[in-house]
Amino acid sequence: MAAGLAAGTLYNVGILLMASFILGELFERIGLESILGYITAGLLLGPSFLSVMEASAVQSFATIGVSLVLFNAGLREENAADIFRHRQGLQLGLGILAGSFAVIFTALYFFGSQFLPYNTLTQFLFIALAYAVVDIGIPSKIMMSRGMLRQETGKYTIKSAVINVTAGLLALTGLVLVFSPGENVAMRLGGILGFAAVFYILHETIHRIDDYIINFEETEAQFAITFAFLLGLSYMTEIVGLSTVLGAFFAGIIVSRSDFSESKAFQEKINAIGLGLFIPIFFAWFGLGLQISSIIANIEAAVFLFGLSTVSKLGIGYAASKLHGMDKPGTIAASLISLDIETLVVLLIGQDMGLFGPEILQMFAPAVLLSTLTIVLLYAVIDRR
Amino acid sequence: MKAEDLMDEPDFIEPEAAIEEVVEEFKGSENTLIVREENKIMGEIHENSLLKAMIPEDKLDEESIIGVLGISFDQSYVPDNAEDLMNKHEVTVGPEEDIGEIAFLMEREDLRSLPVKEDGEIIGVVHENKVIENFSEGGE
């Protein structure tokens, strides 16, 4: 029985990985992100089409995958902090985050319950934040394909996107701290304060501890300890009522203070295990959970949210770029409307906290396709002019 | 062979220096610049650091540049100044450090040069090519 169980897992992971990388490569070749290929692989292998496996078959791997996404983000938090010095990028990135958040939240407050199966302020706050953050993958790809990344327009756009996402993650941390579930307020507060104390101590002492770790005879020790630390801290955040995924982000911030995190060998190992294994499985897991019938059932809500996000980001992006004297305000604004992994992470954390059911992911899925198509369309219109 | 026998005069550059200034420095004999701010070592720029900034944009892979969530944006592909090109590290050795230990640190930390520090002052830099010129198995 145990042998059969293990063989089934190997089969599921093997099939999923192979399909993900084949479709990822195909998507890359036609100019789309490989992530969309991973999601499509899951969708095709899932219950809507081939019914090869259920999402639950790879859920554990997907949990590690999304933790590694956030861990990697935390690992480069200092890098993002450097980018905050780009004054115009800061204004655009924060302007879109705050402006779109305000527009979406206001619309949800007045009309949300008409379009969505939700009616609490907490749910609306999480959704507004999720749709106010921008995606960086699609705009980078478009900028690169047009040779614009190294121009002032490209740097301005990408840096503002990095600032938007970083600030969005910080705002998400705040929301999770304020709205984490739990009946006993004192116990919850105690747990969060205890976690904050552990975080602070580790953050301040990691560079001393790593003097010992770096000299371990076992050369894989840095990686193994980091991985154990990432999983441990993620588990701890769950225990104190916060999201597992957020724990991974904090673990990344702590490890980024160590000397060994800068080494090429360490980064190659983290990338190999993340980008080569767990992260593609996470996206494919998301695809496995999608059901065409549920997506159609939630299409009105999906279009409502996509519309709010797109209109507010286009308006703010265009106005801010124009104010900054940029010569391609339309291109910049169009590049910042993509919805992808960043929004998914916020919604998953909301789901992890019990705010949403699985329908939120069915509601979000069309936005990825719709926003990508809208960008392509807008670029075509701008080019014609 | 000790660090003091291998070291050259250090070539410093400020983190805010323009890319043109970095390129100009490399037109001389230097192949590594030490990035320093107020006497504190921030990292190094090897001449091959500029390769990333020369790759045509259509050959770039966006995941290498921005990572999955984008926060990992690697500015060395689109540098504005010396700091964007820098390989961050604070590793230094003393003048009495042995060549074998220097080779060990360079390999482990993936460095092209190591500043030599004495009494809090940078007195020289050991470059990778100098270590290789004095090759001996086991660093004896």
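Provided above is the structure to which this section pertains.
Description of the structure in this document.

Thresholds applied
Residues numbered from 1 in each chain as written. Chains lettered and ligands numbered in written order. Predicted model: local features only at pLDDT ≥ 70, side-chain atom pairs only at ≥ 80, totals over all residues. Heavy atoms only, no water. Helix = DSSP H or I, 4+ residues; strand = E, 2+ residues; numbered from the N terminus. Buried < 20%, exposed > 50% of the residue type's maximum accessible area, 1.4 Å probe, protein only. Contact = heavy atoms within 4.5 Å. Areas by Shrake-Rupley, 256 points an atom, 1.4 Å probe, with all protein chains shown as cover. Lys, Arg positive; Asp, Glu negative; His and termini not counted. Charge placed at Lys NZ, Arg CZ, Asp CG, Glu CD. Pairing = 2+ DSSP bridges. Axes fitted to C-alpha atoms, helices over the stretch in contact; angles between N-to-C directions. Buried area = accessible area lost by both parts, 1.4 Å probe. Salt bridge = Lys/Arg side-chain N within 4 Å of Asp/Glu carboxyl O.

Looking at the overall build of chain B
Across its full length, chain B carries 7 helices and 6 strands. Taken from the N to the C terminus, the helices and strands of chain B come in the order α-β-α-β-β-α-α-α-β-α-β-β-α. For chain B, the residues scored as buried account for 51% of the 140 residues in total. Here the analysis covers contacts within chain B between residues at least 6 apart in sequence; of these, 54% occur between residues at least 24 apart. Taken as a whole, chain B presents about 6900 Å² of accessible surface, with 45% of it coming from carbon and sulfur. Of the charged side chains in chain B, 11 are positive and 40 negative; the average position of the first set lies 2 Å away from that of the second.

Points about the pairing of strand 5 (residues 113-118) of chain B
Sheet topology note: the strand 5 of chain B/strand 6 (residues 121-127) of chain B ladder contains 6 bridges and is antiparallel. Note on strand 6 of chain B: the bridge partner recorded for Pro115(B) is Val125(B).

A closer look at the sheet that holds strand 1 (residues 12-13) of chain B
Residues and elements named next belong to chain B. The 4 strands lie next to each other as 1-2-3-4, forming an open sheet whose pairing is mixed. On the outer flanks of this sheet lie strand 1 and strand 4 (87-88), each paired with one strand and no other. Sheet analysis places strand 2 (residues 32-37) next to strand 3 (residues 40-46), joined by 6 bridges and oriented antiparallel. Bridge pairing in strand 3 links Thr-32 to His-46. Relative to strand 2, helix 2 (residues 19-26) is tilted by about 135°, and along the sheet it contacts strand 1, strand 2 and strand 3.

A word on the interface of chain A and chain B
In this complex, chain A contributes 42 residues to the contact, which on the side of chain B involves 29 residues. Summing the contributions of chain A and of chain B, the shared interface buries around 3000 Å²; its carbon and sulfur component is 54%. Of all residues in chain A, Met144(A), Arg150(A) and Lys155(A) bury the most surface against chain B, accounting for 23% of the area lost on that side. Counting across the chain A and chain B interface gives 3 salt bridges.

So, the pattern of salt bridges
Evaluation of the coordinates by the stated rule reveals 11 salt bridges over all chains. Of the charged contacts in the structure, one is a salt bridge between Glu28(A) and Lys141(A), with a shortest N-O distance of 2.8 Å. Linking Glu28(A) in helix 1 (residues 2-29) with Lys141(A) in helix 7 (residues 137-145), this pair joins segments that are 113 residues apart in sequence. With a relative accessible area of 24%, Glu28(A) lands in the partly exposed category. The buried category is assigned to Lys141(A), whose relative accessible area is 14%. Here Asp80(B) ties to Lys155(A) by a salt bridge, and the two come within 2.7 Å at their closest N and O atoms. Separated into two different chains, Asp80(B) in the loop between helix 4 (62-66) and helix 5 (82-85) and Lys155(A) in helix 8 (residues 152-179) make up a pair that spans both. Residue class for Asp80(B) comes out partly exposed when judged on its relative accessible area of 36%. By relative accessible area, which is 12% here, Lys155(A) ends up buried. Salt bridges here are not isolated pairs; linked through shared partners, they connect Asp82(A), Arg85(A) and Glu83(B).

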